[in-house]
Amino acid sequence: MRELAPGSRWLAWCLLAVTAAAAPPVAGVPAGWRELTLLNANAAHDLFSTAVAADSSNRPARLGLAVSLLGVQPRTDGTIAAAAEMFTALRAENADDDEGIGAAYYLARIQQLHRSTPDRQAAVEAYRALLAAHPDNHYAQMAAPKLAVLLLYDDVAPDEWERRVAEIGSLLPRLTTAEAVRDTRLVLAGALIRLRRDHARSYPLVTACLDANLVNRLPHLNTLLLQAAESARQLGKTSAAVAYYRRFLDDFPRDIKADEVRRRLDALAPRAHP
Amino acid sequence: MIRARWFYRLGFLLLAAAFACGGWRLVKRTRPGRAGGPITLTFAHWQLEGTTRQAFDALARDYEKLHPDIRIEQLAIPLSVYSSWGTTHVVGGVAPDLVELGRNLGGRRILPYFLPITDEINRPNPYNAGTPLAGVAWRNTFVDGMEAAFDPQSFDCYGASVFANTFRIYYNADLLREITGQAEPPRTFEQFTDLCRQVRAFAARTGRPVLPFAGSRIEAPLLMDDLATGQLQRLTSRLNPGVYFPVGYGDFFLSYLNHEWTLDDPAMRSAIELIRRVGAEMPDNFMQYGRDDSLFYFVQGRALMMAGYAQDGTSISSQAPFPVRVFKNPAPRPQDREFGGNMVGPNAERLSSYGAFGIARASLHPQEALDFLQFLTSFAADQKFVRISGFLPVLVGIQATGLTRDFMPSSRGFPPGPYPVFLFTNTGQVIQRLEYLMIGPEADQAAFFAALKRELPGAMREEVSGGLRNLIQTLQLNDTAIEAVHQLQRADPANLSLQRKYQGMVETQNEQEATAYYTELRLRRAARLPLP
């Protein structure tokens, strides 16, 4: 091999140093997840790739690699197809461990949301299968509100829509995680109000979540308290309407709707509010 | 030949010198402080109004006195280039330490370039020690709970703001007295239109070129939107049976496309009529004018009134050779015979902050930047900022002073209809483009409504579809972040902060997914209907 001139050697060392500095640190799977929480999917992808290259049997790292591909930029049909391939392989190796069940969930998500041409029917079937096969698993619980959204916000005949409401209703007693309990109920309640103006069936679903303090997002809580109060008023449950309007004023005293809520409260129960 | 070569060399040397100089300035601006040497923190914003820069300078000097090892520099960037300037600097990794978020600088693609301060906002701001806000969690020291900087997708907070405003009508107090013989500004819409008539009569009688209102494409829509959204209170609440409060403009447009209301609705007719009447009190072709033009009209005494924000007050007062006062937009009230039927109450207002300062991930001094941000948003600093800049206070318990007092929002009344229907949306642009058929010599109401019926559906559909595309992209990105938080939480189940974040993110994702599919369903149904 030819000897490098002193200047070239210096340049080579510089390039090597720059390359080393630019390479992702071998920091393992947790670092990849941390990058993904910040939506740095490309950095996460590099970290997961390094971990998988070091140990191809590392299933959590392979799950991370496939999930990160769903966010890698530029987003192309090719990256989504590659992610689907990885999830399929994870599932084929073991369909019953956490990574295998997670892979089934993300394959459904790809059909529903990530493909440039979604296949919603395939997603519905995949969610149903997941819920049937692993009802208590975290990913199956995650699938419940997704299934509700797909089934309820679809243009179908009234009879079919009612059949779908019944299907989601039958899922409710089997839900165990706080997120699934809350969101499946709220998706159903929202569809009943938006598409049917059905306060009677929506009300108990909303109040179950409010009364168990399951709602975290403040703008969501703001709307749900008003919705519960308005439904209660329309259903003749005056004391419940007063209680939800009061709770709204306690939680959102400076809200732009507060003055009108005080007026409504006055109409329901004069001098009922401070 | 030798001369030409000499010129080439000189050119090359000059280029090299310029490159070296630029590189040195860049390195100097961003390098960490030497041992014992000062650190320079830079913050960028687009608030060029009035005395805002002086207010920031005063606070920067106060901070430097407390921290002699830190120097503060502000970069005031014109609004017209802020978005592109900010995006290139932030994405390029050369952003200042603190950057004002907003004006298209934000959202899921930009926020990853900033550091979340979610944990910090739940602890007291140390600079509030010894004030009424001592010991209060930083987020709760804000009137709006730091809503402006909260990213609903990630459940993280990305900054803190010192900016809040409302708009009011400035008037020339001397001219008002000269025209009406009285000092009191109008309180009702009838009084307002009567005053406008008096101004025109005064101008005709005296030959002085005085107009009732100095309008421009910046301020006029503020006034018009306020009037119009009041008229939409009942209509847009009727479209929201779950809560009977006004829907947002996306739902408003979708319900139009699905034939749930028409342009012949009395509320819509009244909204347009109010816009027409107010527009007629402004200079011809006011939509061609900028903010400086209307300010010029006003301070020269050629218009009695102009609309503006609180922070405009200091520059208006300093340029006007007459006493300047303000009054609240005298929109119709429910008792109004002509326009009251569409309203539930006066438009309620709320004080909400905007334009939070985020800490750039590229900052070499994130801890110092956070400390300076806490200083800026402390009780004493906000008090001083409000006094010098004229902005409204964003912290609990701070009283506005001087002209700013009249800008404090009134929460009495009913929320206005969807905002900003007539300002920034495609639909608003259609209305603005057809303005010549509504106001002025070519005005023709029938032609205006015919054109509106023709053009609105397309603009509304585009508006809603664009929003839906953005939402779907956000949902796709969030899928990965939610899985990441789940995995971190599994590894650290006792971490309550991660637990809250996970629950909030999943809730947001499912709520927004339902909204996206509902929107898509309504768009599909609307596509099957004839045009409204």
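Worth saying up front: this structure is predicted, and the values here are computed from it rather than measured.

## Some thoughts on the overall build of chain B
For chain B, the count of helices and strands is 17 helices and 13 strands. Taken against the 2.2 N^0.38 rule, which gives 24 Å for 532 residues, the C-alpha radius of gyration of chain B at 26 Å falls within 12% of a compact globule. C-alpha atoms of chain B, sized along the principal axes, occupy 70 × 70 × 60 Å. The proportion of buried residues among the 532 residues of chain B is 46%. By sequence separation, contacts in chain B at least 24 residues apart represent 74% of the contacts at least 6 residues apart.

## A closer look at the overall build of chain A
Of regular secondary structure, chain A possesses 14 helices and 0 strands. Along the chain direction, N to C, the helices and strands of chain A fall in the order α-α-α-α-α-α-α-α-α-α-α-α-α-α. For chain A, buried positions account for 43% of its 274 residues. Considering only intrachain contacts with a sequence separation of at least 6, the fraction spanning at least 24 residues in chain A is 43%.

## Quick word on the nonpolar core
Residue and element names in this part refer to chain B. One finds Ala-149, Tyr-170, Ile-275, Ala-303 and Leu-304 to be the most contacted residues of the largest nonpolar core, which totals 123 residues. For this core, the element with the most residues is helix 9 (residues 266–279), which contributes 7 residues. Residue contributions to this core reach at least three from each of two domains, namely domain 1 (35–165 + 352–393) and domain 2 (167–348 + 409–424). Once you skip the residues sitting within four places of it in the chain, Ile-275 turns out to touch Met-224, Leu-227, Ala-228 and Met-438.

## Here we look at the pairing of strand 10 (residues 303–309) of chain B
All names here are of chain B. Most of strand 10 is tucked away: 7 of the 7 residues are buried. In this structure, strand 8 (residues 167–172) lies alongside strand 10, joined through 5 bridges in antiparallel fashion. Across the sheet, the residue bridging to Phe-167 is Tyr-309, located in strand 10.

## Observations concerning the interface of chain B and chain A
Contacts between the two partners involve 44 residues from chain B and, on the opposite side, 42 residues from chain A. At the level of secondary structure, the elements contributing two or more residues to the side of chain B that touches chain A comprise helix 16 (445–491) and helix 17 (496–528) of chain B. Take the side of chain B that touches chain A: its biggest share by element is 15 residues, from helix 17 of chain B. For the side of chain B that touches chain A, the per-class residue count stands at 22 nonpolar, 11 polar and 11 charged.

## Considering the packing of helix 16 of chain B against helix 17 of chain B
All names here are of chain B. As a packed pair, helix 16 and helix 17 sit with axes 9 Å apart at the nearest point and diverge in direction by 155 degrees. On the basis of their axis angle, the class for helix 16 and helix 17 is roughly antiparallel. The hand of the helix 16/helix 17 crossing is left-handed. Class assignment of the residues belonging to the contact of helix 16 with helix 17 gives a composition of 15 nonpolar, 8 polar and 3 charged.

## Some remarks on helix 3 (residues 41–54) of chain A
With 14 residues, helix 3 of chain A extends 20 Å between its outermost C-alpha atoms, agreeing within 8% with the 20 Å of an ideal straight helix rising 1.5 Å per residue. Among all positions of helix 3 of chain A, only Ala41(A), Ala44(A), His45(A), Leu47(A), Phe48(A), Thr50(A) and Ala51(A) are buried. Looking at the buried positions of helix 3 of chain A, the neighbouring elements they touch are helix 2 (28–37) and helix 4 (59–69) of chain A together with helix 16 of chain B.

## Some details on unusual backbone geometry
Residue and element names in this part refer to chain A. For the bond running from Gln-73 to Pro-74, omega is 0 degrees, close enough to zero to count as cis. Despite not being glycine, Leu-39 shows a phi value in the positive range, around 65 degrees. Note that Leu-39 resides in the loop between helix 2 and helix 3. Phi at Arg-197 is positive, roughly 55 degrees, even though this residue is not glycine. Along the chain, the position of Arg-197 falls in the loop between helix 10 (178–196) and helix 11 (199–211). When the 11 C-beta atoms within 10 Å are taken as the criterion, Arg-197 is described as exposed.

## Notes on the sheet that holds strand 3 (residues 98–100) of chain B
All names here are of chain B. In space, the 5 strands of this open sheet follow the order 2-1-3-13-4, with mixed pairing throughout. Edge positions in the open sheet fall to strand 2 (70–76) and strand 4 (114–115), since each of these has one partner strand only. In this structure, strand 3 lies alongside strand 13 (residues 357–360), joined through 3 bridges in antiparallel fashion. Each residue of the ladder has a partner; that of Glu-100, found in strand 13, is Phe-357. Sheet contacts for helix 12 (residues 366–376): strand 1 (39–45), strand 2, strand 3, strand 4 and strand 13; angle to strand 13, the most-contacted strand, approximately 170 degrees.

## What about the domain arrangement of chain B?
All names here are of chain B. According to the domain assignment, chain B consists of domain 1 (35–165 + 352–393) and domain 2 (167–348 + 409–424). Computed from C-alpha coordinates alone, the two centres of domain 1 and domain 2 are separated by 32 Å. Between domain 1 and domain 2, the contact holds 9 residues from the first and 7 residues from the second. Looking at the side of domain 1 that touches domain 2 residue by residue, the classes come out as 2 nonpolar, 6 polar and 1 charged.

## Quick word on the sheet that holds strand 8 of chain B
All names here are of chain B. Read from one edge of the open sheet, 4 strands run 9-10-8-11, paired in mixed fashion. If you trace the sheet from one side to the other, it starts and ends with strand 9 (211–213) and strand 11 (324–327), each paired once. For this sheet the average axis-to-axis angle between neighbouring strands, irrespective of direction, equals 30 degrees. Of the strands in this sheet, strand 8, strand 10 and strand 11 are in contact with helix 4 (residues 173–180), which crosses strand 8 at around 65 degrees.

## Things to note about the environment of Gly64(A)
Residue and element names in this part refer to chain A. Mapping Gly-64 onto the fold places it in helix 4. Taking the C-beta count within 10 Å as the criterion, Gly-64 has 31 such neighbours and is therefore assigned buried. Those residues within four positions of Gly-64 in sequence are excluded, and the remaining contacts are Val-29, Gly-32, Trp-33 and Phe-48.

## Section: the environment of Thr37(A)
In this fold, Thr37(A) is placed in helix 2. When the C-alpha atoms of Thr37(A) and Gln112(A) are compared, they prove to be 22 Å apart, with 75 residues separating the residues in sequence. The residues contacting Thr37(A), other than those within four sequence positions of it, are Ala481(B), Ala484(B), Val485(B) and Leu488(B).

Cut-offs and rules
Residues numbered from 1 in each chain as written. Chains lettered and ligands numbered in written order. Predicted model: local features only at pLDDT ≥ 70, side-chain atom pairs only at ≥ 80, totals over all residues. Helix = DSSP H or I, 4+ residues; strand = E, 2+ residues; numbered from the N terminus. Rg over C-alpha atoms; globule rule 2.2 N^0.38 Å. Buried ≥ 20, exposed ≤ 12 C-beta atoms within 10 Å, placed from the backbone. Contact = placed C-beta atoms within 7 Å. Core = buried A, V, L, I, M, F, W, Y, C linked by C-beta atoms within 7 Å. Domains from an automatic or database assignment. Pairing = 2+ DSSP bridges. Nonpolar A, V, L, I, M, F, W, Y, C, P; charged D, E, K, R; others polar. Axes fitted to C-alpha atoms, helices over the stretch in contact; angles between N-to-C directions. Parallel < 35°, antiparallel > 145°, perpendicular 65-115°, else oblique. Left-handed = near helix turned anticlockwise from the far one by under 90°. Expected span 1.5 Å × (residues − 1).

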